[in-house]
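Notes for the structure review
These are the residues of each chain, in order.
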Amino acid sequence: MVTATGMAILLLAALAILAPSAWGLDRAEFPPGFLFGAATSAYQVEGAYLEDGKGRNNWDVFTHTHSGNILDGRNGDVAADHYHRYMEDVDIMHKLGVSSYRFSISWARILPSGRLGGVNPAGIAFYNRLIAALLQNGIEPFVTLHHFDLPQELETRYGSWLGAGIREEFDYYADVCFQAFGDRVKLWTTFNEPNLFIKHAYMLGRYPPNHCSPPFGNCNSGNSQREPYVAAHNIIMSHAAAVHNYNKNYKVKQGGSIGIIIAMKFYEPLRNTTEDILAAQRAMSFEIHWFLDPIFFGEYPKEMREMLSPNLPEFTPVEKRLLQNKVDLIGINHYTTIYAKDCIYSPCNLKTYEGNALVFATGERDGVQIGKSTALAGFYDVPEGMEKILEYVNKRYGNTPIYITENGYSQHSSNNMEDTMNDIDRVNYLRGYLSSISSALRRGANVRGYFVWSLMDNFEWLFGFTVKFGLYHVDLATQKRTPRMSAGWYRDFLTGSRPVDKVQDLRADS
Ligand SMILES: *[C@@H]1O[C@H](CO)[C@@H](O)[C@H](O)[C@H]1NC(C)=O
């Protein structure tokens, strides 16, 4: 039953879609080899939580023991059941017309208890089936090795990333993956958003292993002033070890590329003052340079050294040598731009994500929002930030090829199916950000691909299933995938076709 309002919205949207050029965006603006895809991650979509020999991972254990910390109390035991429905999911990707699929490998599926426990052949077999299905459909696999989840055994043994022993574990895991899949996987990334999950895990105490200390929070253990930097150091060196191994033993034979994915907001000064301009620079430094400066220049940024010493580790000569292995690509997860306010010269709440940089981030200036709100607090629709971040990263890191590995729009879960499916705000968001990439390309940005987060609704970490990022709606009870208006829009953009076909044609069973 479609109401009159619903019809009007559909009609308006259809009219808008009928004239893609009027929307200022055409696929022809992007180079022929530019990858367009959609992204997911293992824990968020796979489900099948102890199936076929998979070990428990840190998120399995955390969501089971701390369900009260998840907004709806749910977990990823079933998630979008991608483990069983991957053929259907490859089919909907094919219908969308994407040229690539970004997914992550579940470490605990491959090595249920880490390096000492042995490889699980059924885990290898699952990803072989997925990769084969993608390649048969002309879809290039874009693989992330670590996207937040790791075997619980390693969390218990090392506190995940706090013990240096984790470096050898990651190196081994990466090697198993290069060996098993590298003949077909040509695009690798070691870590997804280490700069973000470390802060949630070791500074704010929200993600496993839930470490923190005042003023950030009161956890059972942790040290918010020191542990984030120890964990980051181990991740940077784990990354470097995997890149070294790939470059030395696989790259020539397999012909692939490797890099790392960093979460990047773009920070604008709240006021046009020296203090806030420096605050914005500091926020960028603590967010981006924290990882990319060591990876590109072998050193932490000087702002971090000045503010954090002696809590910031030093790179030993041996570590610096390992860091000389260069990455081929930078993955950027970009969703929003936000204002940075100085907290050195004026007091503010420092128990926040940017608190360690003595910066307070806000989406408002004089009561006016920087962009339209989305379902996630602090995530605003500011398309021009995309062009700015591309220019910023290209300039600082020697024009290294960039992939936008995540960009997308969150909506609240709703029982109103019309609101849920007619996601015109997501269409506007994606169109705006893609136009911004197109504009960056015209100005010479070295950007090679773009992935919408996400292909389908999934388990959104602490938000559980309360926010929806999918081009496809997933019914939690039936697991039925249904294309939203945005899926139709993306398909029309990718295929350059006029939307004579209805969104219904994007269903897996049609
Ligand atoms: C900021 O202030 C400087 C100096 O007063 C001025 O030249 C500049 O145009 C201002 N910039 C913005 C964005 O307002």
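See the structure printed just above.
Residues numbered from 1 in each chain as written. Predicted model: local features only at pLDDT ≥ 70, side-chain atom pairs only at ≥ 80, totals over all residues. Heavy atoms only, no water.

1. Some thoughts on the overall build of the chain
We count it as follows: We count a stretch as a helix when DSSP gives it H or I for four or more residues in a row; a strand needs E for two or more, and each element gets its number in order from the N terminus. Exposure classes here rest on a 1.4 Å probe applied to the protein chains alone. A residue is buried below 20% of its type maximum, exposed above 50%, and partly exposed in between. What makes two residues a contact is simply this: any of their non-hydrogen atoms within 4.5 Å.
Counting its secondary structure elements, the chain contains 18 helices and 19 strands. Across its three principal axes, the chain shows a C-alpha extent of roughly 65 × 60 × 45 Å. Each of the 510 residues in the chain was classed as buried or not, and the buried ones make up 60%. Restricting to contacts in the chain with at least 6 residues of sequence separation, those with at least 24 account for 75%.

2. Quick look at helix H10 (residues 227–249)
Convention followed: In this analysis, the expected span of each helix is defined as 1.5 Å times one less than the number of residues it contains.
Across its 23 residues, H10 extends 33 Å between first and last C-alpha, which sits within 8% of the 33 Å expected from 1.5 Å per residue. Within H10, 19 of the 23 residues are buried, which leaves it mostly tucked inside the rest of the structure.

3. A look at the state of the cysteines
Two cysteines whose sulfur atoms are joined by a covalent bond form what is called a disulfide. Quick note on the threshold: Any two cysteine sulfur atoms within 2.5 Å of one another count as a disulfide.
Summed over the entire model, instances satisfying the criterion amount to 2 disulfides. Put simply, Cys212 and Cys219 are joined by a disulfide, and their sulfur atoms are 2.0 Å apart. Around the S-S axis, the bridge from Cys212 to Cys219 shows a dihedral of about 100° and counts as right-handed. Its relative accessible area of 3% is what places Cys212 among the buried residues. Across the disulfide from Cys343 sits Cys348; the S-S distance is 1.9 Å. The sign of the -135° torsion about the S-S bond sets the Cys343-Cys348 disulfide as left-handed.

4. Quick notes on the environment of His147
Basically, it comes down to this: Pairing of N or O atoms within 3.5 Å defines a polar contact, subject to two protein rules: one partner must be a possible hydrogen donor and the other a possible acceptor, and residues neighboring in sequence count only if both atoms are side-chain atoms.
Among the structural elements, His147 can be located in the loop between strand S3 (140–146) and helix H7 (152–158). Discounting chain neighbours no more than four positions away, the residues touching His147 are Ser41, Gln44, Arg102, Ser104, Asn192, Glu406, Trp453 and Trp461. For His147, the side chain forms a polar contact with the side chain of Asn192, separated by 3.0 Å.

5. Some remarks on the pattern of salt bridges
Our working rule: Here a salt bridge means any side-chain nitrogen of Lys or Arg lying within 4 Å of a carboxyl oxygen belonging to Asp or Glu.
Applying the stated rule across the entire model yields 26 salt bridges. Glu268 is the partner of Lys388 in a salt bridge, and the nearest nitrogen-oxygen pair spans 2.5 Å. Taken together, the residues span a long stretch of sequence, with Lys388 in helix H15 (residues 384–396) and Glu268 in strand S6 (residues 266–269) at a distance of 120 residues. One continuous salt-bridge network, built from bridges that share partners, spans Arg115, Glu153, Arg157, Glu168 and Glu169.

6. Points about the nonpolar core
Definition in use: We define a nonpolar core as any set of buried Ala, Val, Leu, Ile, Met, Phe, Trp, Tyr and Cys residues linked to one another through side-chain atoms lying within 4.5 Å.
Core analysis: the largest hydrophobic core is formed by 159 residues, its most contacted members being Trp161, Trp188, Ile437 and Tyr490. A per-element tally of this core places helix H12 (residues 274–297) first, with 11 residues.

7. With respect to the environment of Gly217
With respect to the helices and strands, Gly217 occurs in the loop between helix H9 (194–203) and H10. A C-alpha to C-alpha distance of 7.0 Å links Gly217 and Gly205, two positions 12 residues apart in sequence.

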